[in-house]
Each structure stands twice: as structure tokens, then as C-alpha cells.
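Listed here are the chains, written in short residue letters.
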Amino acid sequence: MATYDFDLFVIGAGSGGVRASRWAARYGAKVAVADDDRLGGTCVNRGCIPKKLYAYASHFHEDFEDAVGFGWDKAAPKFDWSRLVAAKEKEITRLNGIYAKLLDGSGVARIDGRVTVEGPHEVKVSGKAYTARTILVATGGHPHRPEIPGAELGIVSDDAFDLPKLPKRIVILGGGYIALEFAGIFAGLGVETTLVYRQTLPLRGFDEDVRKHVAAEIAKKGIAVRAGVNLTKLERKGSGMLAHTTANDTIEADIVMFATGREPNTKGLGLEKAGVKLGKNGEVVVDEYSRSSVESIYAIGDVTDRIALTPVALHEAMCMAETLFNNNPTKVDHADVAAAVFSQPTVSVVGLTEEEARKRVGRVDIYRTSFKPLKHTLSGRDERTMMKMVVDAASGRVLGCHMVGEDAAEIIQGMAIAVKMGATKADFDRTIGIHPTAAEEFVTLRDKMPDPVPKAAE
Ligand code: NDP
């Protein structure tokens, strides 16, 4: 039998790569993980973690205002961007250290440098060759820039965390996760923010009621929304920028940020040379076990362009380790993955949208509520929470829970367990709520929305 330097060679020490390395090592495999950047990948260094920290930072602005309704004097504290950047940096450095400790503690060899795949069992890192029984590609993705003149003048989310100073005006292009999250962050920090997206509503693919509700709430935050518009060109104007739009006008800003999707990191990796099939976006095409077209090469996480979420990459990593190193073939399960967009307010969902459910099961019952949260009865803030439940009319099974509002992600995480377990509306109904919370609304939804009028009858 062939002998290899490692049982598993992992390319990329992001969330998925690190989890796969540790899990495989736990099952006794000899593992190496290589990366040419800080440990932790996108999520830790320029994604989930710093983004959520910045979202907290930006929300204080509203908290100070809201406090007045509760008897506090009006405060006008000053915000210092450089202090936030430094605090974020310190925390991320701490997390990088934790990742290193976890890997070292699991006996995983850490290799620093850029990897190329040389064959089904061979990689090179900075000129040095290694062999492995299995190679795992966990190289993540990078932000996409639209192909418009002057695109190089814009920034992407990677750059947004460490801007030398907070801009006065920003234009953000995109209507997805990153665009909405950064629009909330910058607006909360006092930046004059314009959000430009080409659809009539943001968050394509989300439930229509969610899209409408979040669009209305965002507008209340003072974000200037340009819906149904795209950017056609960027040019410098003084120390700032001029963004030309498809509406034949221009928007002036200090910074233009593109949040127009992400692309898999496969370029220059040498995967094609090893015979690995790539998809039309450059993603590694894999089967249900995350195996590529080459038997000894697997891929997980954003590089496979399935569901680009950290917890999904972790799940894919563990399935791979189970399959290969614990003699327990485990398919990845991408059904009913809960997700959150940390916009302000937060959007969080699990399961099917109303549109998807109607297509899948035919008749559905819809329960929906929209209300002013208790806190805002005294704060006076004009913010409404929306919750929606999609139920299979025949079986009563809850197919989807959707929420826009404070703490939505914290609430939907619990709903996700119920949805995953196949809970019915009757199960929700016999659950006693916690009062007073927003979450209790999910167990007190009683009135079905009227069925939509068929098009011909309108
Ligand atoms: P998304 O796919 O969420 O959104 C991309 C947006 O850019 C869409 O509104 C899209 O419009 C628009 N767009 C794409 N191409 C162009 C173009 N050429 N011109 C104008 N607009 C364009 O991508 P993100 O970059 O926001 O995030 C990438 C992924 O990362 C997410 O899908 C998610 O999986 C993950 N992520 C998760 C987060 C979380 O869990 N909280 C946070 C951030 C990212 P259209 O709809 O018309 O195509």
C-alpha cells in the first residue's frame, strides 16, 4: 500500500478547514493544514466575527437615543473609529491564537504558505512537496467586483473593517447579506449611507414579506435606498468619488463599496491539473459526501458554492471526517439551515419561504404578525417586528419560520430545532410562551392569513 506524508492535507485554515483537521486528527488521522494568511479564514478575520462586533458598535447610537424614553438624560457620546478597529484587531488576534492552540492541541501540523495541488495525492507549499492520502480543499471565497469602468476605485468587505478613517458618505452596491449588514453598520456609526440594489426589494430568495418588511425598516434608519438601480461607472471627484447609475444620475460619496456576491477561491490552485471538475463560478463540484470528481480530493465550505455559511462548512467538515476517518459514511444535510442577516433590524429565517412551500406542497397556511416591540412603546422608536410561519395545510407541519426584528437570530435558532424535528403548528400551539417577549408570538399565532386570490379571480 502506498505511504503518504499525511492521511489528510487540508488547504485553508478557515472555519471548515480547521474543523475538518481537528475532527480527522481526533479519529487518529495524521493531518496537516496549510494557509498563507491568519488562522480562522473569512469568518474570523474579515467576516462574521468583526462584522457582528461592528454591528454592536453601530447599534449603541440607537440605544443612547432610546434611553431618553426610559428616563435617562440625552447623551451625546463621541465615537472613535480607530478605537473600534483596534479593539476588533485585539479580539481577532486572540481568536487566531485560540485556533493555533486548538490545532496544536489536536496534533495537527500547521504549514505556512501558499499551496498548489500537483496531483491527486500531491501538493506543494512554497516549493516543498507533500503527499497525502486525501486532500481537502477548504480555501473559501473572495468578494466579487462588478465589471464596470472604475470598479478598482471601490472597496469590498475585506477592506471595510480597516478603513484608515470613517467616511462621511458611503454608497453600497448590492441587496444581499453583506450590503444590508454594512449599510446598517455605517448608518449607525453616523455615515451618510446610500444603498443601491438592482431588484425592487433586497434579499432575493428570501420570503417576500421578509423582503418588504426589511426594506421598509431600513428606510426608517435614514439609509437612502435606491431600489431597481445599478451602478454603471465610478470616477474620482476631488478626494471622493462619483458613482454613475442606470437611472442616469450620479451619487457623490467618499467611498463606494461593492457587496455584489462572493466567488470561490480556486484560481491558481492547480485543481484542474489534478483533474478536479470546477463549476461555472469556479467552484469545486462535489457529491453529497463533499468528494470532488477526483476520488482522493474533497472540498468543503464556500469553495464549493453550496450554502456559504460558517456552520454549514463546519457540518460539511464533520461529515467528511466521519466518512473518511471514522468508517461512518455521512452525507451532508443542507435542509432547513437557519440563517441570519445582521441588518438592523436583524432578519432570521429557517425552512421554506411561502413561495417555495406553495411550490413544494401545494396548499399552505400562513400566519403572520407585525407589531411594535414593547421596548419601543417607551423609546418612541418607529420600529416594527414581523414574524411569519409557513405551515403545510395537509399535515400541519411547520415548514418555515421567518422574522425581522431585534434578537431575530437568537429566536430563530430555537425555532430551527422545532422545524428540523418536524414540529406541527399544533406543537407550537401547545407550547406556553415566555412573557413578555417577542419570541412568544411564535407560539401564539392564531389567525390564518386569507388564502391568496387566484390571479384569474382578481
Ligand atoms: P449575496 O449573494 O447575498 O448578495 C449579492 C448581491 O449583489 C445581490 O443583491 C445581487 O443582486 C447583487 N449583485 C450581484 N452581482 C451584481 C452586479 N453585477 N451588479 C449589481 N448588483 C449585483 O452576496 P454577499 O456578497 O452579500 O454575501 C455572499 C454570501 O456570504 C451570502 O450569500 C451568504 O451566504 C454569506 N454571508 C453570510 C452572512 C451571514 O450569515 N450573516 C453575512 C455575509 C455573507 P441580485 O439579487 O439581483 O442577483
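Given the structure is predicted, the values throughout are model-derived calculations rather than measurements. (Residues numbered from 1 in each chain as written. Predicted model: local features only at pLDDT ≥ 70, side-chain atom pairs only at ≥ 80, totals over all residues. Heavy atoms only, no water.)

Draft legend 1. Inspection of the pattern of salt bridges at higher detail. Counted by the stated rule, this structure contains 36 salt bridges. A salt bridge links Asp36 to Arg114, with the shortest nitrogen-to-oxygen separation between them at 2.7 Å. Residue Asp36 is found in the loop between β2 (31-35) and α2 (41-46), and its partner Arg114 is found in the loop between β3 (109-112) and β4 (115-119); the two are separated by 78 residues along the sequence. Given a relative accessible area of 56%, Arg114 falls into the exposed group. With a shortest N-O distance of 3.2 Å, Glu118 and Lys273 are connected by a salt bridge. Of this pair, Glu118 sits in strand β4 while Lys273 is found in the loop between β16 (262-264) and β17 (297-299), placing the two residues 155 residues apart along the sequence. Using a relative accessible area of 26% as the deciding quantity, one classes Glu118 as partly exposed. Residue classification places Lys273 among the exposed positions, given a relative accessible area of 58%. Each of Glu62, Glu65, Asp66, Lys221, Arg381 and Glu383 takes part in one network of salt bridges that share partners. (Salt bridge = Lys/Arg side-chain N within 4 Å of Asp/Glu carboxyl O. Helix = DSSP H or I, 4+ residues; strand = E, 2+ residues; numbered from the N terminus. Buried < 20%, exposed > 50% of the residue type's maximum accessible area, 1.4 Å probe, protein only.)

Draft legend 2. Structural context of the nonpolar core. If you look at the biggest cluster of nonpolar residues, it comprises 39 residues, and the most contacted ones within it are Ile172, Phe182, Phe186, Leu195, Met257 and Val347. Secondary structure elements with two or more residues in this core: α3 (48-67), α4 (81-105), β9 (169-173), α6 (177-188), β10 (192-197), α7 (208-220), β15 (255-258) and β19 (347-351). The greatest single-element share of this core, amounting to 7 residues, is contributed by α6. Aside from chain neighbours lying at most four places away, what touches Phe186 is Ala160, Leu163, Leu166, Pro167, Ile170, Ile172, Val191, Thr193 and Met257. (Core = buried A, V, L, I, M, F, W, Y, C linked by side-chain atoms within 4.5 Å. Contact = heavy atoms within 4.5 Å.)

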